[in-house]
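Here are the chains, one letter per residue:
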Amino acid sequence: MLNLILFGPPGAGKGTQSEKIIAQYQLIHLSTGDLLRSEIQQGTDLGLKAKTLMDQGLLVPDEVVIGMIENKLKENRQAAGFIFDGFPRTVKQAEALDTLLTSYGESIQVMIGLEVTDEELLARLLNRGKTSGRPDDQNEDLIRKRIQEYNSKTTPVADYYRSQDKYVAVQGIGEIQEIFQAITAAIG
Ligand code: B4P
């Protein structure tokens, strides 16, 4: 199995690059953001609780996203591998993912970190907000809150994988195709 994590702040290009990686490597895409938005759309209890937090730019509880990932791993035992997009976002989620993969005799091969400046992130997300209809893309204060949440809770996850020699940084500003080529080089 090829298991990789696409890491980076909100708007770094994780969703954009995931689509290209999946097409090339036939991996199953696990985006916790997409899974949560699907729960919201279906109006489930989980979705209603998550929406309140997501609309404020806050992370949803670790137990919720870990449970969702566990279910998806169980459903896809025969997969060629997984791309984790937007997960793990806390060290607790990273530890839970390691435990889950170990129980299947698997592990993460590489974490690819897309590096983008805060001003570029803000511009991209405000631009996406014009058409995405996503409440969390609608105003500058909320986007800054998401970036702040990333800086305080999510950046330690990079250190977690760095200490396992699995973190590779990729410049996330530039042409989408060039960034994709840098990612494929990092996957090896
Ligand atoms: P996500 O759905 O993961 O949202 P995101 O970080 O905004 O998306 P992404 O980074 O994939 O967007 P992309 O760059 O592709 O999370 C949303 C919320 O869900 C979180 O705030 C949190 O509340 C909750 N959540 C999700 N996972 C969680 C977890 N594990 N734990 C707790 N809570 C969790 O796209 C951005 C824009 O940039 C697009 O318009 C794109 O076209 C553009 N773009 C991409 N690459 C570009 C490039 N190279 N140049 C110019 N523009 C580019």
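Higher on the page you've got the structure.
Source: prediction; values computed, not measured.

Peer 1: Looking at this model, I keep getting lost on the overall build of the protein chain. Mind explaining?
Peer 2: When helices and strands are counted, the protein chain shows 8 helices and 5 strands. From first element to last, N terminus to C terminus, the protein chain shows the α and β order β-α-β-α-α-α-β-α-β-α-α-β-α. What you see for the protein chain is a C-alpha radius of gyration of 16 Å, in line with the 16 Å of a compact globule of 188 residues. Projecting the C-alpha coordinates of the protein chain onto the three principal axes gives extents of approximately 40 × 40 × 30 Å. Buried residues in the protein chain amount to 46% of all 188 residues. Contacts in the protein chain between residues far apart in sequence, at least 24 positions, make up 75% of those at least 6 positions apart. Surface summary for the protein chain: the accessible area is close to 9,300 Å², and the carbon and sulfur share equals 49%.

Peer 1: What is the right way to read the packing of aromatic side chains from this model?
Peer 2: Each aromatic ring pair is described using two quantities: the centre-to-centre distance and the angle formed by the ring planes. Overall, the coordinates contain 4 aromatic pairs when judged by the stated rule. Residues Phe82 and Phe84 carry aromatic rings whose centres are separated by 6.0 Å and whose planes lie at 35° to one another, so their mutual orientation is tilted. For the residue pair Phe82 and Phe84, the accessibility class agrees, reading buried in each case. Aromatic rings pair up to connect Phe82, Phe84 and Phe87 into one cluster. The ring of Phe180 has Lys20 sitting right over it, with the charged end atom 5.5 Å from the ring centre. In this arrangement the basic side chain of Arg162 is found over the ring face of Tyr167, its NZ or CZ atom lying 4.5 Å from the centre.

Peer 1: Would you explain the site of the ligand in this entry?
Peer 2: Around the ligand sit 30 residues in total, of which Gly13, Thr32, Arg37, Leu58 and Arg146 are the nearest. Within the side chain of Arg89, an N or O atom sits 3.0 Å from a nitrogen atom of the ligand. Computed on the free molecule, the ligand has an accessible area of 1,000 Å², of which 87% lies beneath the protein chains in the complex. Counting residues per element, the ones that place at least two in the shell around the ligand are helix H1 (14–25), helix H2 (32–42), helix H6 (118–132) and helix H8 (176–187). Top contributing element to the shell around the ligand by residue count: H2, with 4 residues. Considering only residue class, the shell around the ligand consists of 12 nonpolar, 10 polar and 8 charged.

Peer 1: Teacher, can you tell me more about H2 here?
Peer 2: Side chains of residues three or four places apart in an α-helix project in the same direction, reflecting 3.6 residues per turn. Regarding H2, the residues found buried are Thr32, Gly33, Leu35 and Leu36. All buried residues of H2 fall inside an arc of 165° around its axis, so they share one side. Across H2 from its buried face, at more than 90 degrees, point the exposed residues Gln41 and Gln42. Elements in contact with the buried residues of H2: strand E2 (28–31), helix H3 (45–54), helix H4 (62–75) and strand E3 (81–85). Looking at the residues trailing H2, positive phi occurs at Gly43, about 70°.

Parameters and conventions
- Residues numbered from 1 in each chain as written.
- Predicted model: local features only at pLDDT ≥ 70, side-chain atom pairs only at ≥ 80, totals over all residues.
- Heavy atoms only, no water.
- Helix = DSSP H or I, 4+ residues; strand = E, 2+ residues; numbered from the N terminus.
- Rg over C-alpha atoms; globule rule 2.2 N^0.38 Å.
- Buried < 20%, exposed > 50% of the residue type's maximum accessible area, 1.4 Å probe, protein only.
- Contact = heavy atoms within 4.5 Å.
- Areas by Shrake-Rupley, 256 points an atom, 1.4 Å probe, with all protein chains shown as cover.
- Phe/Tyr/Trp six-rings, centres within 6.5 Å; stacked < 30°, edge-to-face > 60°.
- Lys NZ or Arg CZ within 6 Å of the ring centre and 35° of its normal.
- Near = heavy atom within 4 Å.
- Polar contact = N/O pair within 3.5 Å; in protein donor to acceptor, adjacent residues only side chain to side chain.
- Nonpolar A, V, L, I, M, F, W, Y, C, P; charged D, E, K, R; others polar.
- Arc of directions from axis to C-beta.

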